[in-house]
Amino acid sequence: MALRAIWPSLEKAADRVVAESRRYLPDQITLSIAGYSWNLPTHPHQTVKPGPLVDDLASRLEQETQARSDAVVRRWPRVCVALLFGIITGTLMVPFLDGASQYLFLLLTVIAAIWALWEICGVSLRKRHVREQGNQMRHEAVTTLAKALQQREDFFTKWHEGIQDRESLTRWGGHSEQH
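Residues numbered from 1 in each chain as written. Predicted model: local features only at pLDDT ≥ 70, side-chain atom pairs only at ≥ 80, totals over all residues. Heavy atoms only, no water.

**Q** Which parts of the structure should I look at to understand the nonpolar core?
**A** The nonpolar side chains of a soluble globular protein tend to be buried with one another. Ranked by internal contacts, the top residues of the largest apolar core, which has 15 residues, are Ile 33, Trp 38, Leu 57 and Leu 145. Of all elements in the fold, only β1 (28-33), β2 (36-41), α2 (50-70) and α5 (123-173) reach the threshold of two or more residues within this core. Not counting residues within four places of it along the chain, the set of residues in contact with Leu 145 comprises Leu 31, Ile 33, Trp 38, Leu 53, Val 54 and Leu 57. (Core = buried A, V, L, I, M, F, W, Y, C linked by side-chain atoms within 4.5 Å. Buried < 20%, exposed > 50% of the residue type's maximum accessible area, 1.4 Å probe, protein only. Helix = DSSP H or I, 4+ residues; strand = E, 2+ residues; numbered from the N terminus. Contact = heavy atoms within 4.5 Å.)

**Q** Sorry if this is basic, but what is going on with α2 here?
**A** Residue pairs spaced three or four apart in an α-helix point in one direction, given the helix's 3.6 residues per turn. With 21 residues, α2 should reach 30 Å at 1.5 Å per residue; the first-to-last C-alpha distance of 30 Å fits that figure. Taken as a whole, α2 has its buried residues at Leu 53, Val 54, Leu 57, Leu 61, Thr 65 and Ser 69. Buried residues of α2 fall within an arc of 140 degrees about the axis and therefore sit on the same side. Exposed and oriented more than 90 degrees from the buried face of α2 are Pro 52, Asp 55 and Gln 63. (Expected span 1.5 Å × (residues − 1). Arc of directions from axis to C-beta.)

**Q** Explanation requested: the environment of Val 72 in the structure shown.
**A** Its place among the elements puts Val 72 in the loop between α2 and α3 (76-93). On the basis of relative accessible area, Val 72 is assigned to the buried category, the value being 14%. Separated by 75 residues in the primary sequence, Val 72 and Lys 147 have C-alpha atoms spaced 33 Å apart.

**Q** Would you explain the pairing of β2 in this entry?
**A** Side-chain direction in a regular strand flips from residue to residue, so the side chains alternate between the two faces of the sheet. Inspection of the sheet shows β1 paired to β2 by six bridges, in the antiparallel sense. Across the sheet, residue Gln 28 finds its bridge partner in β2, namely Pro 41. Connecting β1 to the antiparallel partner β2 that follows it, the hairpin turn spans two residues, and Ala 34 within it adopts a positive phi of roughly 55 degrees. (Pairing = 2+ DSSP bridges.)

**Q** Explain the packing of aromatic side chains here, please?
**A** Given two aromatic rings, one states the distance between the centres and the angle between the planes to describe the pair. Evaluation of the coordinates by the stated rule reveals three aromatic pairs. Their ring planes at 85 degrees and their centres at 5.6 Å tell us that Phe 155 and Trp 159 sit as a pair that is edge-to-face. Remark: Trp 159 and Phe 155 occur in helix α5; sequence separation between them is four residues, near one turn of the helix. Taking relative accessible area as the criterion, Phe 155 reaches 49% and is therefore assigned partly exposed. Consider the rings of Phe 156 and Trp 159, whose centres lie 5.8 Å apart with planes at 20 degrees: the pair is stacked. In this pair, Phe 156 and Trp 159 both sit in helix α5, three residues apart, roughly one turn of the helix. By the ring-pair criterion, three or more aromatic residues cluster together here, those being Phe 155, Phe 156 and Trp 159. The aromatic ring of Tyr 24 is capped on one face by Arg 23, whose charged end is 4.7 Å from the ring centroid. (Phe/Tyr/Trp six-rings, centres within 6.5 Å; stacked < 30°, edge-to-face > 60°. Lys NZ or Arg CZ within 6 Å of the ring centre and 35° of its normal.)

**Q** Just to check I follow, could you spell out empty space enclosed by the protein for this structure?
**A** Any empty space left between atoms is shown by rolling a water-sized probe over those atoms. Applying the stated rule across the entire model yields one cavity of 30 Å³ or more. Computed from the structure, the largest cavity encloses a volume of approximately 40 Å³. In the lining of the largest cavity, the residues fall into two nonpolar, two polar and two charged. (1 Å grid on protein atoms, 1.4 Å probe; cavity = no way out; pocket = protein on both sides within 12 Å on 5 of 7 lines; lining within 4 Å. Points joined across faces, edges and corners; volume = space filled by probe spheres on them. Nonpolar A, V, L, I, M, F, W, Y, C, P; charged D, E, K, R; others polar.)

Remember that the coordinates give geometry; whether it matters functionally is a separate question.
Dropping the structure here:
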């Protein structure tokens, strides 16, 4: 008895909720991951195949990683400065100093030689480090994109089902009219 008395108010409230829900439901959402964006439909019947998007993101990030890896080069000015510093220190300072000063400048000469060797030989290590970081970033971004696409589908499916539940509520309440 009480339900029949408040039923019209419940239907009006449900109508308002459905109308607000439809009003706030966008046609598309923008999904941004790792600096790349895609506009995706919100209607669950407009399916978005994750494969092409994931492949697109992976290839873009691979290209970025390759570009950053290719940008790692020998820094010849540093090599020249390190060698020049080592030569000056080793030939001009060390022979003319005694005691602790001689060992200090000898140590500086060794450090300059190691620095020059690192600048010459360390390029492959730095490139590998850049590639490893890029691979890790690509893996994380692809995983995030796949999860986001699944969440998008689940979320908007439930949203549309919630809007459709208004019709079920009306039928349950015994009214045949559709709002």
